[in-house]
Amino acid sequence: MYFEPIGEEIDCDEDETVLDASFRQGYSLVHGCREGQCSACKCYLLEGEVALKRYSTFALSDSEQDSGYTLLCRAMPEEDLTVELLHFDPDNYRSEFVISTIETTVHAVEPLSHDISRVVVQLPEGAEFPYRPGSYADIHVPGDAEARRSFSMANLPGEGRLEFIVKRYPGGAISGLLEDESIAGGVSLTVTGPYGAFALRDNDRAVLMIAGGSGMAPQLALLRHMVQEGIDRPTRFFYGARGTRDLIEIAELERLGAALPNFRFVPVLSDADDDAEWSGEAGMVHEAVARYLADGELGSDFEAYLCGPPPMVEAAQEMLESFGIDVSQIHFDKFTTSVAVGG
């Protein structure tokens, strides 16, 4: 199997997807949900045929499939393939770390809001699980040999533990186990990773962060990395929530902000009308960012880091491009759910 235009070749077992085969061989291609819902890994088949595992037609329409497009996370090769990657980072498509599976023990489960929890797992003594801040890992669903759910690490590598921020959804495979306390202190969890290409780029540009919900996790990892490394790039972080009860990690952001010389955190409430005491930014988070960019304080020489639900990420991408921000300066991680994949 060949990837164009990067000119790389991999092999793919008959029981794995193209994306999983790329992970196994040290490539970290652009992707999102890995459930056939978000379209981040959409590509074009130049040669060959694939069978597709279950996916959503919102990610790949019938007309797109008929025209030769496919999803790397769902595509099972039926013959030799030549694949044209539509989205790739020419400097960052090789994975820095070997993907491994490790047995961990739940150290703590802590509610951060009415529907978001922090889950901290302890690595075995002496074990290593290296990753770049911004990466994510798969938690294997207890009792289901096939099911996994992906969550970003909020903490820095090398701490002997992994910290996840989990949005609880009705019917969620991990959420349900948190609700009935099947996932609690002392429980064993299998973790595989690291995955993902979301990471702070090494340059001097200002940083614009936009997040919502559990998209807080990788942003915290980036901010903690900036503090640890003494990175003093101007940084603005806009976080979208419905109401004040949905705002999380405020004290930690204040702590990190105090250690960063040019940092500002801006919470944005979409349901601000329901909170008479709220005097901050209101509306959708991308709209608040647009108002800020229109003031011109940040200029145009910045990089944007987007994390959260697909509608938020897509709206923010469109808004940034309307301001003339090049797509190469927009990095994102879409947080899709796995509770309702369409056929």
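In what follows, the structure referred to is the one given above.
Source: prediction; values computed, not measured. (Residues numbered from 1 in each chain as written. Predicted model: local features only at pLDDT ≥ 70, side-chain atom pairs only at ≥ 80, totals over all residues. Heavy atoms only, no water.)

Peer 1: Help me understand a negative patch on the surface, please; the structure alone is not making it clear to me.
Peer 2: Together, Glu9, Glu49, Glu78, Glu79 and Asp80 make up a region of like negative charge exposed at the surface. With respect to the helices and strands, Glu78 occurs in the loop between β6 (75–77) and β7 (82–85). Glu78 gets classed as exposed once you look at its relative accessible area, which sits at 57%. (Patch = residues over 30% accessible without salt bridge, like charges linked within 9 Å, V, L, I, M, F, W, Y side chains within 5 Å. Areas by Shrake-Rupley, 256 points an atom, 1.4 Å probe, with all protein chains shown as cover. Salt bridge = Lys/Arg side-chain N within 4 Å of Asp/Glu carboxyl O. Lys, Arg positive; Asp, Glu negative; His and termini not counted. Charge placed at Lys NZ, Arg CZ, Asp CG, Glu CD. Helix = DSSP H or I, 4+ residues; strand = E, 2+ residues; numbered from the N terminus. Buried < 20%, exposed > 50% of the residue type's maximum accessible area, 1.4 Å probe, protein only.)

Peer 1: Mind showing me how you'd approach the pattern of salt bridges here?
Peer 2: A side chain of one charge can pair with a side chain of the opposite charge when the charged atoms of the two come close. Inspection of every chain in the model, using the stated rule, returns 24 salt bridges. In this structure, the salt-bridge partner of Lys42 is Glu64, at a minimum N-O distance of 2.8 Å. Residue Lys42 is found in strand β3 (residues 42–47), and its partner Glu64 is found in helix α2 (residues 62–66); the two are separated by 22 residues along the sequence. A relative accessible area of 25% means that Glu64 is categorised as partly exposed. Between Glu163 and Arg118 there is a salt bridge, with the nearest N and O atoms lying 2.7 Å from each other. One end of the pair, Glu163, is in strand β12 (residues 161–167); the other, Arg118, is in strand β9 (residues 116–122), with 45 residues separating them in the sequence. Connected through shared salt-bridge partners, Glu110, Arg118, Glu159, Arg161, Glu163, Arg224, Glu249, Glu252 and Arg255 make up one network.

Peer 1: Can you walk me through unusual backbone geometry in this structure?
Peer 2: Leaving glycine out, the prevailing phi sign among residues is negative, and the prevailing peptide bond configuration is trans. The omega angle of the peptide bond from Glu4 to Pro5 is 5°, so this bond is cis rather than trans. Mapped onto the fold, Pro5 is located in the loop between β1 (2–4) and β2 (8–9). In this structure, Pro194 follows Gly193 across a cis peptide bond, with omega equal to 0°. Looking at the secondary structure, you find Pro194 in strand β13 (residues 188–195). Despite not being glycine, Ser39 has its phi angle at roughly 75°, a positive value. The topology assignment puts Ser39 in the loop between α1 (18–24) and β3. Phi at Glu181 takes a positive value of approximately 65°, unusual for a residue other than glycine.

Peer 1: What is the right way to look at the packing of aromatic side chains in this model?
Peer 2: Note on aromatic pairs: each is described by the distance of the centres and the angle between the planes. This model, assessed by the stated rule, comprises 10 aromatic pairs. Between Phe23 and Tyr195, the aromatic rings sit 4.7 Å apart at their centres with planes inclined by 55°, giving tilted as the arrangement. One end of the pair, Phe23, is in helix α1; the other, Tyr195, is in strand β13, and 172 residues separate them in sequence. The same class applies to Phe23 and to Tyr195, which are both buried. Ring centres of Tyr27 and Tyr93 lie 6.2 Å apart, and the angle between their planes is 5°; on these two criteria the pair is classed as stacked. Of this pair, Tyr27 sits in the loop between α1 and β3 while Tyr93 sits in the loop between β7 and β8 (100–111), placing them 66 residues apart in sequence. (Phe/Tyr/Trp six-rings, centres within 6.5 Å; stacked < 30°, edge-to-face > 60°.)

Peer 1: I keep staring at the layout of surface pockets and nothing clicks. Help me out?
Peer 2: Gaps left between atoms show up when a probe the size of a water molecule is rolled over them. In this structure, the second largest pocket encloses a volume near 890 Å³. Lining the second largest pocket are 32 residues, and of these Val30, Val327, Ile330, His331 and Phe332 sit closest to its centre. Every element with two or more residues in the lining of the second largest pocket is listed here: α7 (310–322) and β19 (330–334). Ranked by the residues each element gives to the lining of the second largest pocket, the list is headed by β19, at five residues. Counted by class, the lining of the second largest pocket contains 14 nonpolar, nine polar and nine charged residues. (1 Å grid on protein atoms, 1.4 Å probe; cavity = no way out; pocket = protein on both sides within 12 Å on 5 of 7 lines; lining within 4 Å. Points joined across faces, edges and corners; volume = space filled by probe spheres on them. Nonpolar A, V, L, I, M, F, W, Y, C, P; charged D, E, K, R; others polar.)

Peer 1: I keep staring at the side chain of His31 and nothing clicks. Help me out?
Peer 2: Inspection of the secondary structure assignment puts His31 in the loop between α1 and β3. With relative accessibility at 11%, the residue His31 sits in the buried group. Here Leu29 takes part through its backbone oxygen, which lies 2.6 Å from a polar atom of the side chain of His31. Polar side-chain contacts of His31 include one of 2.4 Å to the side chain of Tyr136. Non-local contacts of His31, meaning those with residues more than four positions away in its chain, are made with Leu19, Phe23, Ala40, Cys41, Tyr136 and Gly196. (Polar contact = N/O pair within 3.5 Å; in protein donor to acceptor, adjacent residues only side chain to side chain. Contact = heavy atoms within 4.5 Å.)

Peer 1: I'm lost on the nonpolar core in this one. Help?
Peer 2: Soluble globular proteins tend to bury their nonpolar side chains together. Ranked by internal contacts, the top residues of the largest apolar core, which has 29 residues, are Ile165, Met216, Leu223, Phe237 and Tyr239. Elements with a minimum of two residues in this core: β14 (206–212), α4 (216–229), β15 (235–241), α5 (250–259), β16 (263–269) and β18 (302–308). In terms of residue count, the dominant contributor to this core is α4 (six residues). Beyond its immediate sequence surroundings of up to four residues, Ile165 is in contact with Leu112, Ile116, Ser117, Phe151, Ser152, Ala154, Ser214, Met216, Ala217, Leu220, Ile248 and Glu249. (Core = buried A, V, L, I, M, F, W, Y, C linked by side-chain atoms within 4.5 Å.)

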